[in-house]
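# An overview of the molecular structure
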Amino acid sequence: MMKLNRGSIFLIAFLLSTLTSLQSSSSSSSEESNIISRFQQYLQIKTNHPTPNYTQSSQFLISLSKSLSLESQTIELVPGKPIIILKWAGTSPELPSIMLYSHTDVVPAEHDKWVHHPFKAHVDDEGRIYARGSQDMKCVSMQYLEAVRILKSWDFQPKRTVYLVFAPDEEIGGHDGAEKFSLSKDFQDLNVGIVLDEGLASPDEHYRAFYAERSPWWLVIKAVGAPGHGSKLYDNSAMENLLKSIESIRRFRASQFDLIKAGLKAEGDVVSINMAFLKAGTPSPTGFVMNLQPSEAEAGFDIRVPPTADAESLERRIAEEWAPSCRNMSFRLGQFKQKLSVLDASGKPVITKTDSSNPWWALLENAVQESGGKLGKPEIFPASTDARYFRRVGLPAIGFSPMANTPILLHDHNEYLHKDEYLKGIKVYESIIKAYASFDERVKDGTSKDEL
Ligand SMILES: [Zn+2]
């Protein structure tokens, strides 16, 4: 009797526990599929250039904000270019706020070069979500919102106000989006203390975080020289003059690239220079005149300059070695509007500190660690993001997209993100938002410091 009773109890207990675990696993897997489905819906909205559908993306984001009871506001500093601001009010609104920033636009995609349609957000058998924007950066936008959803479900109360800001046009320079916004009264009114913006995927297990970025310089050099018969050997032809410069530029490029290859510097720490165009020759109906050495030749270069580089010496190098007037050469820097200074208005390099003077950095490191992630060494972003506009107005801004074990596919064919990495990233943001929104330096030293 005793034996039978114990057996029955065990059996009932076993059945009950199985049932409970089945229920909880099915509810967590249905929650998981809701999360993935919301991500897919956002990816399916065609916010690709040249005709991004900002109306649809705005409607989608606002409908999500309603489901989270966030206050929403849409501003248009340029008509047709909406900036969506969602607000999660903090209990200490006098403290500077947290801005979780992302851009809503994506670059175009050549459909026929993809294995799955770039705007269908197909999840393959392995769990990879294929879509334009899956890495750059609709993942981050949705991870912010999902993290807020979870924190709210725990009744977490932010001390600092948390803003989620979704802006247009980053992929075409951000001039009608982040740039105007960073200088606007609307932005000042948010009293932002720290900005989080996009980073890059990492092929290894470490997440990457960026504290600065390189500035683009677009350089065109032009050579002129006496024209001559194609058969004649003489000095100072335009082609010869240009080729000497190209050789010199190639040597410089190799010296910078060698530093990366030797592991001495990261990609963002060197000056990169790549030729974008070559323009020379005398056109003829059948192609080019072949027995004529032309009197003009031009070449264009995309240069990326880290804020840690000596910009003055680079400009001198351009004037003295790459386009010297003694070789009948001239140059234009900043044609096509790109020659951004590596310094801010006060003459200091545009960087966000990663030492103890910036508590947000340590908070990020700890929060990532607490969520089970690993963070690599702080880096300079090799290209440009909207974060530069916020750094220029003196704010700390960290570029961070939690994607480890993921190939870098932004702007590439077959951009994808694995769903497990996407879900892990939500946990990372839960941890970061919690840490940032709770941070109050006044509590630590008993003084009021609002300048953070
Ligand atoms: Zn981006």
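Residues numbered from 1 in each chain as written. Predicted model: local features only at pLDDT ≥ 70, side-chain atom pairs only at ≥ 80, totals over all residues.

### Regarding the UniProt feature "binding site: Zn(2+) 2" (unreviewed entry) in the protein
Those places that UniProt annotates as "binding site: Zn(2+) 2" (unreviewed entry) correspond, in this numbering, to Asp136, Glu171 and His411. Spanning 276 residues, the named residues nonetheless gather at one spot, since no C-alpha pair among them exceeds 9.9 Å. In this structure, Asp136 sits in the loop between β5 (128–130) and α3 (138–153). Relative to the elements of secondary structure, His411 occurs in the loop between β20 (397–400) and β21 (416–418). (UniProt positions renumbered as here; feature names shortened; annotations may be inferred. Helix = DSSP H or I, 4+ residues; strand = E, 2+ residues; numbered from the N terminus.)

### Describing helix α4 (residues 175–182)
The buried fraction of α4 amounts to 6 of the 8 residues, a majority that puts the element mostly inside the structure. In the core, the buried residues of α4 are packed alongside β2 (82–88), β3 (97–103), β6 (162–167), α5 (185–188) and α9 (387–392). (Buried ≥ 20, exposed ≤ 12 C-beta atoms within 10 Å, placed from the backbone. Contact = placed C-beta atoms within 7 Å.)

### Comments concerning the sheet that holds β21
Pairing is antiparallel across the open sheet formed by 3 strands, whose spatial order is β4-β5-β21. Edge positions in the open sheet fall to β4 (122–123) and β21, since each of these has one partner strand only. As judged from the 3 bridges shared by β5 and β21, these two strands associate in the antiparallel manner. Looking at the pairing, Ile129 lines up with Leu417 of β21. (Pairing = 2+ DSSP bridges.)

### A word on the UniProt feature "binding site: Zn(2+) 1" (unreviewed entry) in the protein
Look at the UniProt record and you will see "binding site: Zn(2+) 1" (unreviewed entry) annotated at His103, Asp136 and Glu198. Separation in sequence by 96 residues is not matched in space for these annotated residues, since their most distant C-alpha atoms are only 8.7 Å apart. With 26 C-beta atoms packed within 10 Å, Asp136 lands in the buried category. Those residues in contact with Asp136 that lie beyond four places of it in its chain are Val106, Glu198, Leu410 and His411. The residue Glu198 is located in the loop between β7 (192–197) and β8 (206–207) in this model. Residue classification places Glu198 among the buried positions, given that 23 C-beta atoms sit within 10 Å.

### Quick notes on the confidence of the model for the protein
Averaged over every residue, the pLDDT of the protein is 92; the share at 70 or more is 91%. In this model, residues 446–452 is a region of pLDDT below 50 whose contacts with residues beyond four sequence positions or in other chains number 8 contacts. (pLDDT = per-residue confidence, 0-100.)

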